[in-house]
Amino acid sequence: MPRHIAGRVGQALVAAFGVLSIVFVVLHLSGDPTLLLVPPDASAAQIAELRHALGFDRPLLAQYLAYLGQLAHFDLGQSLVQRAPVAVILAARIPYTVELALAALAVAIGLGLPAGIAMAVWRGRPAARLLAVVVLAGQSLPTFWSGILLILLFGVTLGWLPTSGADSASSVILPAVALGLVTMAGFARMMRIAMLDELGRDYVAAARARGLSRGAAILRHVLRNAAIPVVTIAALEIGNLLAGAVIVETVFAWPGIGQLAMQSIAARDFLVVQAVVLFVSLVYIGMNLLADLAYAWIDPRIRRGP
Amino acid sequence: MRRPPPAILLLLAILAGFVVMALAAPLLAPYDPLHQSLLARLRPPGTALRAGRFLLGTDDLGRDLLSRLIFGARASLAVAASSVAVSLATGSLLGLLSGWRRGWSEIVIMRLVDSMLSIPAILLAVLTVAVLGPGFVKLVLVLGLTRWPRYTRVAYAQTLQVAALPYIRAAEMAGCRPWRILLRHILPNIAGPLLVVATSEFGLMILFEAGLSFLGLGIQPPTPSWGSIMSAGRDYVARAWWLTVFPGAALFLLVLSVNLLGDWLRDRLDPRSATR
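Residues numbered from 1 in each chain as written. Chains lettered and ligands numbered in written order. Predicted model: local features only at pLDDT ≥ 70, side-chain atom pairs only at ≥ 80, totals over all residues. Heavy atoms only, no water.

**Describing the overall build of chain B**
A count of helical and extended segments in chain B gives twelve helices and two strands. Element order for chain B, N to C, with α for helix and β for strand: α-α-β-β-α-α-α-α-α-α-α-α-α-α. With the C-alpha coordinates of chain B rotated into their principal frame, the extents come out at 75 × 45 × 35 Å. The buried share of chain B, reckoned over its 276 residues, is 51%. Looking at chain B alone, contacts between residues at least 24 apart form 71% of all its contacts between residues at least 6 apart. Surface summary for chain B: the accessible area is close to 12,600 Å², and the carbon and sulfur share equals 66%. Averaging the positions of the 26 positive and the 13 negative side-chain charges in chain B gives two centres separated by 4 Å. (Helix = DSSP H or I, 4+ residues; strand = E, 2+ residues; numbered from the N terminus. Buried < 20%, exposed > 50% of the residue type's maximum accessible area, 1.4 Å probe, protein only. Contact = heavy atoms within 4.5 Å. Areas by Shrake-Rupley, 256 points an atom, 1.4 Å probe, with all protein chains shown as cover. Lys, Arg positive; Asp, Glu negative; His and termini not counted. Charge placed at Lys NZ, Arg CZ, Asp CG, Glu CD.)

**Section: the pattern of salt bridges**
Within this structure, the stated rule accounts for twelve salt bridges over all chains. With a closest N to O distance of 2.5 Å, A:Arg8 and A:Asp292 form a salt bridge. Of the two residues, A:Arg8 sits in helix α1 (residues 2-27) while A:Asp292 sits in helix α11 (residues 270-298), which places them 284 residues apart along the sequence. Judged by relative accessible area, A:Asp292 falls into the partly exposed class, the value being 31%. The residue B:Arg147 makes a salt bridge to B:Glu201 at a minimum N-O spacing of 2.7 Å. Residue B:Arg147 is located in the loop between α6 (136-146) and α7 (149-163), and its partner B:Glu201 is located in helix α9 (residues 178-214); the two are separated by 54 residues in the primary sequence. Both residues of the pair, B:Arg147 and B:Glu201, belong to the buried class. Because the salt bridges share partners, they merge into one network encompassing A:Arg189, B:Asp263, B:Arg266 and B:Asp267. (Salt bridge = Lys/Arg side-chain N within 4 Å of Asp/Glu carboxyl O.)

**Some words on the packing of helix α6 (residues 143-157) of chain A against helix α7 (residues 173-199) of chain A**
Residues and elements named next belong to chain A. Orientation of α6 relative to α7, taken along the N-to-C sense of each, is 140 degrees, at an axis distance of 9 Å. Viewed along their axes, α6 and α7 adopt a mutual orientation that is oblique. The way α6 lies across α7 gives a crossing that is right-handed. For the pair α6 and α7, contact is made by Thr143, Ser146, Gly147, Leu150, Ile151 and Phe154 and by Leu174, Val177, Ala178 and Val182, respectively. Class assignment for the residues of the contact of α6 with α7 results in seven nonpolar, three polar and no charged. (Axes fitted to C-alpha atoms, helices over the stretch in contact; angles between N-to-C directions. Parallel < 35°, antiparallel > 145°, perpendicular 65-115°, else oblique. Left-handed = near helix turned anticlockwise from the far one by under 90°. Nonpolar A, V, L, I, M, F, W, Y, C, P; charged D, E, K, R; others polar.)

**Notes on the packing of aromatic side chains**
One pass over the structure, following the stated rule, counts nine aromatic pairs over all chains. Ring centres of A:Phe144 and B:Phe214 lie 4.8 Å apart, and the angle between their planes is 20 degrees; this geometry places the pair in the stacked category. Within this pair, whereas A:Phe144 is found in helix α6, its partner B:Phe214 is found in helix α9, the two belonging to separate chains. For the residue pair A:Phe144 and B:Phe214, the accessibility class agrees, reading buried in each case. With a centroid separation of 5.9 Å and an interplanar angle of 65 degrees, the aromatic rings of B:Phe18 and B:Trp226 are classed as edge-to-face. Taken together, the positions of B:Phe18 in helix α1 (residues 6-23) and B:Trp226 in helix α10 (residues 226-234) put the pair 208 residues apart, joining distant regions of the chain. As far as burial versus exposure is concerned, B:Phe18 and B:Trp226 are alike and both buried. In textbook terms, an aromatic cluster arises when at least three aromatic residues are bridged by ring pairs, as seen for A:Phe24, A:Tyr64 and A:Tyr67. (Phe/Tyr/Trp six-rings, centres within 6.5 Å; stacked < 30°, edge-to-face > 60°.)

**Quick notes on the layout of surface pockets**
All names here are of chain A. For the second largest pocket, the calculated volume is near 470 Å³. In terms of lining residues, the second largest pocket is bounded by 23 residues, among which Leu54, Phe56, Tyr67, Gln70 and Leu271 are the most central. At the level of elements, α1, α3 (60-72) and α11 are the ones that each hand at least two residues to the lining of the second largest pocket. Top contributing element to the lining of the second largest pocket by residue count: α3, with five residues. Residues of the lining of the second largest pocket, tallied by class, amount to 14 nonpolar, seven polar and two charged. (1 Å grid on protein atoms, 1.4 Å probe; cavity = no way out; pocket = protein on both sides within 12 Å on 5 of 7 lines; lining within 4 Å. Points joined across faces, edges and corners; volume = space filled by probe spheres on them.)

**Here we look at the interface of chain B and chain A**
Taken together, the 41 residues of chain B in the interface contact 46 residues of chain A. Buried surface at the junction of chain B and chain A, summed over both partners, amounts to about 3,900 Å²; 80% is from carbon and sulfur atoms. For the pair chain B and chain A, the number of links is one salt bridge. Taking the shortest distance from any N to any O, the salt bridge between A:Arg189 and B:Asp263 comes out at 3.9 Å. Listed by contribution, the elements that provide at least two residues to the side of chain B that touches chain A are α4 (103-118), α5 (121-132), α9, α10 and α11 (242-269) of chain B. (Buried area = accessible area lost by both parts, 1.4 Å probe.)

**Observations concerning the environment of B:Leu182**
All names here are of chain B. Note on placement: leucine 182 falls in helix α9. When the C-alpha positions of leucine 182 and threonine 159 are compared, they lie 8.8 Å apart, and in sequence the two are 23 residues distant. With near-sequence residues (within four places) excluded, leucine 182 lies in contact with Leu96, Trp100 and Leu187.

In short, the description is geometric, and any link to function would need to be established separately.
This is the structure in structure tokens:
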């Protein structure tokens, strides 16, 4: 087990280092990152001054090492547009995206797990096939379309729910549904496979032989065992939800990090964009690691290892 | 080979319909998709004016929505097909290489794959397009070069399996050059799983193109793209629902057809996944 943990932590660190390097390379693809940080009307002298002040005139390797050094101290830099530390700007938006992601996760689990269970229990029947199509339809929904349809129906036509911003407690409902419908598919598929795996096991036959009805056997035994792998993918889906927030937050004017990223691109404030990408990617790597460790902890066969 | 079930034939027909629409757009579109008419702004579907009959209505600049949708299929399919081609080629090659050579190339490539897959794809695409600026070629390259890792993982795992088979040893002993073994003997044997990945990626790339265009980072106006039509229509959602509902419906139908076909293909090529 300690070896397994050390190996996984090492892997996560390598992936995180890779992410930092990829983002560095991408920001330097344009040739001169200074141009990504100044307003379009900046003069050549201003640009040159800033280039020197930020060290973009130094050799690439020196820039790379300085960038890694800064991030190692959790220093995300100063936003030249908002004249504030990037970390402060980012931190102010994170709670909104977390709220949206958790609400969307609730929608995805609430719809995905029952769908997955039904698909497994009704396996081979037309109802299961229909459900499979419905689940895939959810995955094929462009969030910016479903988002606008939800706004049209519940905001404009019925007037039941707020359609933009985060001013009232019910504001999160529509964006969470739009985001959750896409994520539902992952849970439904995983739950179906986990249920089918468990349904074929001897203990189910034993429970039936003891006289338990199929429904009771599923409720009492199968669901509990099938839930284990599904709990762990919930951690992974959080990463997808954070990324999906970019479009959903734009549609609903939800003031989270996705909207922040798009606003910062429009304002040419790339240090903030970089911070959003790094934050989401590192959260994803962290969640991945947690999911793996949790899985190993739950399942003794992995815990003891070979 | 069994005949595909009717539902699959229907999906293929839908997909073919979209392809024909994209290829023959100038013949099928009733009007010039760029022609503006201030007198015919935001007209609902079915409006008949002196200028003509607008089956799906007009947009905020008085352009015919149906014609713009037909031309928009071009952007969708061209970007998706080209970027899938780029990522399929790049990803398969890197996967073959790391599975065959092992050693350092395996370590470097597979760790890079882990890192790439840790950055949510849409964010990486948004960042890269924002840095490089918009444009068709750039969009294809960005999508193609950010989406190769999934192919690499599959190609790598499959190459490891196939390379251990006796016939590869036989080819080696017969004096076959390595690139010939890779391309002639291994690639055809791992093409099935790569094709399954490519199909699911194709649906995703259609969504990515539309999403990036919706965010203003993809196909630039006035060239019609379903994503940018919807983005413009969002400002008029209460007054002109047709500007967002129709392009979204086309997008949804196309992506759903591709995804359902992909599912069917996967079950055909990997019977285990169907019986599970």
